[in-house]
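Below, each chain spelled out in residue letters.
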Amino acid sequence: MPSDATAVQTTETLLQALLDSPPPKPEVSEVGRVAEVGDGIAIVTGLARALADELLEFASGVSGIVFDLEPGRLGVVLLGPSENVTMGEDVRRTNKVVSVPVGLALLGRVVDALGRPRDAGGPVDSATTAPVEAEAPSILHRRAVSRPLATGIKAIDAAVPVGLGQRELIIGDRQTGKTSIAVDTILNQRQTGVICIYCAIGQRGDAVAKVIGAIQDGDMMAQSVIIVAGDEDAPGLAYIAPYAAMSVAESFAAKGRDVLVVMDDLTHHAHAYRELSLLLRRPPGREAFPGDIFYVHARLLERAGQFAAGKGSITALPVVETQAENLSAYIPTNLISITDGQIYLSPRLVRTNQFPAVDLGVSVSRVGGKAQARAFRAVAGNLRVTLSQFEELEEFARFGTRLDETTRARLSRGAAVRAALRQAERDPMPANEQLAVLVAAMEGALDGMEEDRTRAAILAIRRAIRAADGGLAAVIAENRKLPDELRGHILDIAQAAIAGKAAKNGPDA
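Rules and cut-offs
- Per chain, residue numbering runs from 1 following the sequence as it is written.
- With the structure being a predicted model, the display of local features is reserved for residues of pLDDT at least 70 and the display and counting of side-chain atom pairs for 80 or more, all residues being used for whole-chain, interface and lining totals.
- Each side-chain value is worked out from all heavy atoms of the structure, with water and hydrogens disregarded.
- Type-normalised accessible area, obtained with a 1.4 Å probe on protein chains alone, sets the label of each residue: buried when under 20%, exposed when over 50%, and partly exposed for intermediate values.
- Elements are defined by DSSP. Helices are runs of H or I of four residues or more, strands are runs of E of two residues or more, and each kind is numbered from the N terminus.
- For two strands to be treated as a pair, DSSP must find at least two bridges joining them.
- All axes are obtained by fitting lines to C-alpha atoms, using only the stretch in contact for helices, and the reported angles, taken between N-to-C directions, cover 0 to 180 degrees.
- To qualify as a nonpolar core, a set must consist of buried Ala, Val, Leu, Ile, Met, Phe, Trp, Tyr and Cys residues joined through side-chain atoms within 4.5 Å.
- Note on contacts: a residue pair is in contact if any heavy atoms of the two residues lie within 4.5 Å.
- For Phe, Tyr and Trp, where Trp contributes only its six-membered ring, two rings pair if their centres lie within 6.5 Å, and the inter-plane angle classes them as stacked under 30 degrees, edge-to-face over 60, or tilted in between.
- Each ring is checked for a lysine NZ or an arginine CZ that lies within 6 Å of its centre and within 35 degrees of its normal; such an atom marks a charge sitting over the ring.
- A helix is expected to reach a length of 1.5 Å times the quantity of its residues less one.
- Any Lys or Arg side-chain nitrogen found within 4 Å of a carboxyl oxygen on Asp or Glu counts as a salt bridge.

Asker: Could you clarify how one ought to interpret the pairing of strand β2 (residues 41–45) in this entry?
Answerer: Each regular strand carries side chains that alternate between the two faces of the sheet. Taking burial as the measure, the five residues of β2 include four buried ones, the bulk of the element. Where strand β1 (residues 31–37) meets β2, four bridges bridge the pair, whose relative direction is antiparallel. Each residue of the ladder has a partner; that of Val 34, found in β2, is Val 44. Here β1 folds back onto β2, and the loop between the two strands holds three residues, one of which, Gly 40, carries a positive phi near 100°. Bridging between β2 and strand β5 (residues 73–78) involves four bridges; their strand directions are antiparallel. Bridging from a neighbouring strand, Val 44 pairs with Leu 74 of β5.

Here it is, written out as structure tokens:
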């Protein structure tokens, strides 16, 4: 055992080392107090040096964002349950902005708007974070949209094409199939390598669970990130969720990857922002939305695009819900003016069992046509005209008027084309199969068929073209025009497939 003298010497040495060491730097910690608490917001006093958009930490563990800077008080949006925050509670500055984990560790995960896990996979193993708010790339850092994003949906790829880097709005009334189109587009990226981010804003838990199940069943989970801010979460999380999704997308695009971001939906996002603004007593404008609601969505969607060499692209598919087909409502008109086109889903088509219910008369793509494959352009060029003429004649024919042969032929052709555009959920089609079905419909191979026969004929055409497409897939991949001989070959395959199906099912099939 050491002697008493040794112990005393050791103690003196330690004391001398402490005396000789430099004193620790003083730490300044600003502490505020909660003056008021509302549903999703708090009023904080005592933090005079806090900055806009700064992240604050409450003693209860809830975090919040500084939204309003006023003399002597701060308006703070809570990112957690307001029930946990009490009056007089301590609030501290973090000198940080809201950030979210980014990188490959997020693939295959379900997280909330702050990157916290919502699945059973444990914490997200990512050392890299990015602020949820970022400045949109300038014009000089962008390129023109020139590559197609295949959705696998005939009505969209043929008539309302979407390009990589485009912002295409999906708009329609409730229960018209908006989410189904977005999910089918995600499922169709399995062979393209496009990373998909699905951001659920204000959705019910069972609806989000169905989307997650569909993505898992489609073997796309390992290529996807799902960000959830449910209807039971704080409105502050719903507000930052699409910005967090964009930050995750930007981390992949910076590495040269193509990313698809689905925001489902921005109607709930606008409602969450309106709720927060009214609680913070910001001046209301049209429909009680604050005056900067346009800027809120514009600065979000401007972050998408096709970026300069070495960078990838971010394709945005925002979803917005209308009421009673009112396209002139405040939020829909804002988003229509921000985006590069819209896919409109009509309740009228839903009532006639036409799925997907894409109304080609109202839907438009302002950019994607330049990225559409030339083979598609040649076949689908008259698609809108054929359908619009058919709908006019169909209305006229309901009066029981006698029709000449030419009119009856147009009605038969239009009905066949409309039937060919029908497509089941979770069944995205490769481009060569889509083109074969469209050629068969536009050339009259499906004229005069009943609905059941048309459905069986389309299946037969898809199987036949899958077995031997005659080089159609190569023509589409190389962006070449569709040769007349290949068009004739496709039509021969389609007619043979239809005849074989009819012979197999009997003369009355």
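Asker: What exactly am I supposed to notice about the sheet that holds β5 here?
Answerer: The strands that make up a sheet are held in pairs by hydrogen bonds between backbone atoms, and each pair lies either parallel or antiparallel. The strand order around the closed barrel built from six strands is β1-β2-β5-β4-β3-β6, with neighbouring strands paired in antiparallel fashion. The average angle at which neighbouring strand axes cross in this sheet is 45°, direction not considered. Both strand β4 (residues 63–70) and β5 contribute to a ladder of six bridges, which runs antiparallel. Looking at the pairing, Val 66 lines up with Val 76 of β5.

Asker: It is not clear to me how the nonpolar core should be interpreted in this structure. Could you clarify?
Answerer: Counting residues in hydrophobic clusters, the biggest one holds 76 residues, and the most contacted among them are Leu 383, Leu 446 and Ile 461. Of the residues forming this core, the biggest block, eight residues, is contributed by helix α13 (residues 431–442). In this view, Leu 446 contacts Ala 416, Ala 420, Ala 440, Ala 441, Thr 454, Ala 457, Ile 458, Ile 461 and Ile 498; residues no more than four positions away in its chain are not counted. With 65 residues, the next largest nonpolar core counts Ile 43, Val 296, Leu 300 and Phe 307 among its residues.

Asker: How should the packing of aromatic side chains be read in this particular structure?
Answerer: Think of a pair of aromatic rings as described by two things: how far the centres are apart, and how the planes are tilted against each other in angle. With the rule as written, the count across this model stands at five aromatic pairs. Ring centres 5.3 Å apart and planes at 80° place the aromatic pair Phe 67 and Tyr 239 in the edge-to-face group. Here Tyr 239 lies in helix α5 (residues 235–253) and Phe 67 lies in strand β4, a separation of 172 residues in the sequence. The exposure classification of Phe 67 matches that of Tyr 239, with both residues buried. Look at Tyr 239 and Tyr 243: their rings are 5.6 Å apart centre to centre, the planes differ by 55°, and that puts the pair in the tilted class. Here the residue Tyr 239 and the residue Tyr 243 both occupy positions in helix α5, the gap between them amounting to four residues, near one helical turn. Residue Tyr 243 is classed as buried on the basis of its relative accessible area of 1%. Following the ring pairs from residue to residue traces out a cluster consisting of Phe 67, Tyr 239, Tyr 243 and Tyr 273. The side chain of Arg 274 reaches across the aromatic face of Phe 289, ending 4.3 Å from its centre.

Asker: Whenever I open this one, α5 confuses me. Can you help?
Answerer: Quick reminder: α-helices carry 3.6 residues per turn. Residues three or four places apart thus point the same way. Relative to the 27 Å expected for 19 residues at 1.5 Å per residue, α5 spans 28 Å between its end C-alpha atoms, a close match to the ideal helical length. Counted residue by residue, α5 has 18 buried out of 19 residues, so it is predominantly covered.

Asker: I would appreciate a short explanation of the pattern of salt bridges in the present structure.
Answerer: Applying the stated rule across the entire model yields 30 salt bridges. Asp 68 is the partner of Arg 282 in a salt bridge, and the nearest nitrogen-oxygen pair spans 2.8 Å. With Arg 282 in the loop between α6 (266–279) and α7 (293–301) and Asp 68 in strand β4, this pair connects stretches of sequence that are 214 residues apart. You can call Asp 68 buried: its relative accessible area is 11%. For the salt bridge of Asp 427 with Arg 462, the shortest nitrogen-to-oxygen distance reads 2.9 Å. With Asp 427 in the loop between α12 (405–420) and α13 and Arg 462 in helix α14 (residues 451–467), this residue pair connects regions lying 35 residues apart in the sequence. Look at Arg 462 and you get buried, because its relative accessible area is 8%.

Asker: I keep staring at helix α8 (residues 330–338) and nothing clicks. Help me out?
Answerer: Most of α8 sits inside the fold, with seven of its nine residues counted as buried. Regarding α8, the residues found buried are Tyr 330, Ile 331, Pro 332, Asn 334, Leu 335, Ile 336 and Ile 338. Residues of α8 that are buried make contact with β10 (169–172), α6, α7, β15 (313–321) and β16 (341–345).

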